[in-house]
Amino acid sequence: MKTEHHMLPFYEPAGDEITLFEHAWKNRLPLLIKGPTGCGKTRFVTHMAARLNLPLYTVACHDDLTAADLIGRHLLGDGHTQWCDGPLTRAVREGGICYLDEVIEARKDTTVVLHPLADDRRLLPIERTGELLQAPPAFMLVVSYNPGYQNLLKGMKPSTRQRFVSLRFDFPSPAREAAILIGEAGCDADLARRLVSIAGSLRALKEHDLEEAASTRLLVYAALLIKDGMDPVAACRAAIVESLTDDAEIAEALMEVAAATFGR
């Protein structure tokens with residue numbers, strides 16, 4: 001039974017990603033989503049979990065993440081040790097989506113534990129308890145990463161990547177991004193258009209060495225601040241520009257775009 005659509009977290013589709021996700025889930029296939037930071041990957045997974053009426057176990061991966069953080073560990077309590085499942089194990093035991101966000105940030109020995117789950121075996125061996133868990137039909141493994149951060153030391157191994165059905169995300173088209181701002185922040189169409197225009201200009205500024213492009217998430221933050229009465233240019237500085245760079249000169253160059261867009 002699916003969640004009623006009026007209860008779903010807001011999501012504006014770009015193409016056939018909803019259909020692909022549903023087919024992957026029905027056929028018990030793991031899914032890899034790749035795309036830049038803040039382009040809607042996590043919101044999409046949250047939307048799909050609600051749409052399919054499935055529990056969602058989200059793990060924000062980082063370079064200190066261990067296999068035990070995913071699978072579980074023995075904890076000391078009341079004078080004896082007790083096994084405590086990690087989020088991956090809970091999802092396998094109970095059914096649901098386990099979503100590993102920015103999976104290539106995790107240590108490589110961590111991703112190896114995904115291999116038997118991400119092929120037709122759908123097994124999770126738990127060495128410390130001697131268990132071998134078979135994933136139920138309602139279990140789905142979803143991982144995401146930002147290909148822009150890939151390098152020789154931090155890429156996903158082909159042996160891991162080729163276990164997944166893959167979906168590429170990018171920043172939305174201007175019309176879709178404006179619709180997202182209207183739906184997410186409740187702002188009017190004119191403000192949405194201006195913020196989308198700013199984002200397009202900043203993303204096109206190749207001469208500035210920005211680690212990340214302006215994300216849709218940052219535009220939503222700016223829209224919320226402006227809707228609440230904050231000066232638009234000041235809101236753009238706080239929500240967009242200062243989040244993109246620590247360099248004062250670059251920040252001022254970016255601010256010129258915001259000022260021009262709002263007629264300052």
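Structure: see above.
Residues numbered from 1 in each chain as written. Predicted model: local features only at pLDDT ≥ 70, side-chain atom pairs only at ≥ 80, totals over all residues. Heavy atoms only, no water.

Draft legend 1. Molecular detail of the pairing of strand β3 (residues 72-77). Bridging between β3 and strand β4 (residues 80-85) involves 6 bridges; their strand directions are antiparallel. Opposite G72, over in β4, you have D85 as the bridge partner. The turn joining β3 and β4, which pair antiparallel and follow one another in sequence, is formed by 2 residues; a positive phi near 55 degrees is taken by D78. (Pairing = 2+ DSSP bridges. Helix = DSSP H or I, 4+ residues; strand = E, 2+ residues; numbered from the N terminus.)

Draft legend 2. Local environment of the state of the cysteines. Taken as a whole and assessed by the stated rule, the structure comprises 0 disulfides. Cysteine C236 remains unbridged, with the sulfur of C187 as its closest cysteine sulfur at 12 Å. By relative accessible area, which is 1% here, C236 ends up buried. (Disulfide = S-S within 2.5 Å. Buried < 20%, exposed > 50% of the residue type's maximum accessible area, 1.4 Å probe, protein only.)

Draft legend 3. View of the layout of surface pockets. In this structure, the largest pocket spans a volume of roughly 450 Å³. Contributing to the lining of the largest pocket are 24 residues, with G38, C39, G40, R43 and R217 lying nearest its centre. Put simply, the parts of the chain that give the lining of the largest pocket at least two residues each are α2 (41-51), β5 (96-101), α7 (174-185) and α9 (216-227). Looking at the lining of the largest pocket, the element that brings in the most residues is α9, giving 5 residues. The residue makeup of the lining of the largest pocket, split by class, is 10 nonpolar, 6 polar and 8 charged. (1 Å grid on protein atoms, 1.4 Å probe; cavity = no way out; pocket = protein on both sides within 12 Å on 5 of 7 lines; lining within 4 Å. Points joined across faces, edges and corners; volume = space filled by probe spheres on them. Nonpolar A, V, L, I, M, F, W, Y, C, P; charged D, E, K, R; others polar.)

Draft legend 4. A look at the nonpolar core. Core analysis: the biggest nonpolar cluster contains 34 residues, and L195, L202 and I240 have the highest contact counts within it. If you list the elements that add at least two residues to this core, you get α7, α8 (189-203), α9, α10 (232-244) and α11 (248-261). Of all hydrophobic cores here, the second largest spans 30 residues; its members include L70, W83, V113 and Y145. (Core = buried A, V, L, I, M, F, W, Y, C linked by side-chain atoms within 4.5 Å.)

Draft legend 5. The packing of aromatic side chains, seen in detail. According to the stated counting rule, one finds 3 aromatic pairs in the structure shown. With a centroid separation of 5.6 Å and 90 degrees between ring planes, the pair formed by F21 and F44 is classed as edge-to-face. Highlighted residues: F21 in helix α1 (residues 17-26) and F44 in helix α2, separated in sequence by 23 residues. When sorted by exposure, F21 lands in the same class as F44, which is buried. Aromatic pair F44 and F169: ring centres 5.3 Å apart, planes at 45 degrees, arrangement tilted. Taken as a pair, F44 in helix α2 and F169 in the loop between β9 (165-168) and α7 lie far apart in primary sequence, 125 residues in all. For F44, a relative accessible area of 0% gives the class buried. The exposure class of F169 is buried, given its relative accessible area of 8%. (Phe/Tyr/Trp six-rings, centres within 6.5 Å; stacked < 30°, edge-to-face > 60°.)

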